[in-house]
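Chain by chain, the residues run as shown.
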Amino acid sequence: MYNLVEMQPKVIGNNNGKPGMEASLDIQYIMGVAQGINTTINSIESNNNEDPFVQWISQIQLQGDSSAWIHSISYGAIEKDIPKDIKEMVDQEFQKIGVTGRTIFVSSGDNGVRCNDYGDRFEPEWPTSSPNVVSVGATQFKIKGGKIFSEVGADYTGGGFSDCYPRPSYQDQAVINYLNQKSFPDRSYFNWNGRMFPDIALIGQNFQVVLSGKVHSVDGTSASAPSVAAIFSLLNNIRFLQNKKPIGFINPWLYQVALKIPNAFFDITEGYNSFEPCPGFFAIVGADPVSGVGVPNFAILKDLILSK
């Protein structure tokens, strides 16, 4: 119907030919947005004896130089529930992956700020809170009179400040700007010296996914993360066509570009990601823990990416 080239993803690991909703969402939107880009699915079997991210890292290591340049992850857990040694080991591997020119995108979660059992402290998500990945939040459309009025931060989008990772220097100016305004919760709820997430955002609403012959409507950062990964796969390919190196660890560049060239990202200035009984963060002008630096503007980034 649309004259698109038929492609098949490469599957590494368990493959029963029946992907679930999450995998189907990833496959359909990564390959749909990044037309013509080779796609690999790393399938990890459930193993109660080993952390799934450790399994994923092991699988990526075995692939060596054949590993994909862009990785998308839509899974996570509460940061404090992951053993310190696991976080440290996985983070070291994230850094190694970045040094080899690869980029990791992780959904920021669908539970807003999360809230502890006492209602007095936020609970950041992991591994999206790692400063070595690109954390991806979600937006939604605000409808008025049956028409799209604006794009706002999704009320469920994960975001906040890490309790484990200090603020990376590439975020200093963005976080200082955010904390210098007054629209944020009492500081007792969060570690204001921690790494802020998400870094960027994208629409995460009403994604149409085909599963078992039926069309399902899906919302969440599990929709925005693979779509962002697909966009950056296209940007990576623009570099490859000019005989340039892959984008690799891109976080510092994202914040530099957002500060210097505001129209490189569509700034999301409305949104609130509370999780009862806890309050949440508000989206504001500039970077914030609801939508990061904003929604990527491909029309601008496709030219800027060549000078990275």
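Residues numbered from 1 in each chain as written. Predicted model: local features only at pLDDT ≥ 70, side-chain atom pairs only at ≥ 80, totals over all residues. Heavy atoms only, no water.

Re the state of the cysteines
For the record, the criterion: Our working definition of a disulfide is a cysteine sulfur pair at a distance within 2.5 Å. Strands here mean DSSP runs of E at least two residues long; helices mean DSSP runs of H or I at least four residues long; both are numbered from the N terminus. Each residue is placed in one exposure class: buried if its accessible area under a 1.4 Å probe, protein chains only, is under 20% of its type's maximum, exposed if it is over 50%, and partly exposed if it falls in between.
In the structure shown here, the tally under the stated rule is one disulfide. Covalently, Cys115 is tied to Cys278 through a disulfide, its sulfur atoms 2.0 Å apart. On the S-S bond that ties Cys115 to Cys278, the torsion sits near 65°, and the link is right-handed. In this pair, Cys115 is assigned in the loop between strand E5 (103-107) and strand E6 (125-126) and Cys278 in the loop between strand E14 (265-266) and strand E15 (295-296), connecting sequence segments 163 residues apart. Under the relative-accessibility criterion, Cys115 is labelled buried at 10%. Of all cysteine sulfurs, the one in Cys278 lies closest to Cys164, which takes part in no disulfide; the gap is 17 Å. According to the relative accessible area criterion, Cys164 is partly exposed, its value standing at 38%.

Let's talk about the packing of aromatic side chains
Threshold: Stacked, tilted and edge-to-face are the three classes applied to pairs of Phe, Tyr and Trp rings, where Trp contributes its six-membered ring and a pair requires centres within 6.5 Å; stacked means planes under 30 degrees apart, edge-to-face means over 60, and tilted covers the rest. Each ring is checked for a lysine NZ or an arginine CZ that lies within 6 Å of its centre and within 35 degrees of its normal; such an atom marks a charge sitting over the ring.
Counted according to the given criterion, the structure contains 17 aromatic pairs. An angle of 50° between the planes, with centres 4.6 Å apart, marks the rings of Tyr29 and Phe207 as tilted. Taken together, the residues span a long stretch of sequence, with Tyr29 in helix H1 (residues 21-33) and Phe207 in strand E12 (residues 207-211) at a distance of 178 residues. Ring-pair connections join several aromatic residues into one group, and the members of that group are Phe122, Phe161, Tyr178, Phe184, Tyr189, Phe190 and Phe281. Over the ring of Trp69 we find Arg102, and its NZ or CZ is 4.2 Å from the ring centre. Over the face of the ring belonging to Trp192 we find Arg187, whose NZ or CZ atom lies 4.3 Å from the ring centre.

Remarks on the pattern of salt bridges
Side-chain pairs of opposite charge can arise whenever the charged atoms involved come near each other. Rules: One side-chain nitrogen of Lys or Arg within 4 Å of one carboxyl oxygen of Asp or Glu is enough to make a salt bridge.
Per the stated rule, a full pass over the model turns up 10 salt bridges. The partner of Glu88 in a salt bridge is Lys84, with the nearest N and O atoms 4.0 Å apart. With Glu88 and Lys84 both in helix H3 (residues 84-99) and four residues apart, this pair spans about one turn of that helix. For Lys84, a relative accessible area of 59% gives the class exposed. A salt bridge links Lys302 to Asp303; its shortest N-O distance comes to 3.7 Å. What emerges from the salt-bridge pattern is a single network uniting Lys80, Asp81 and Glu123.

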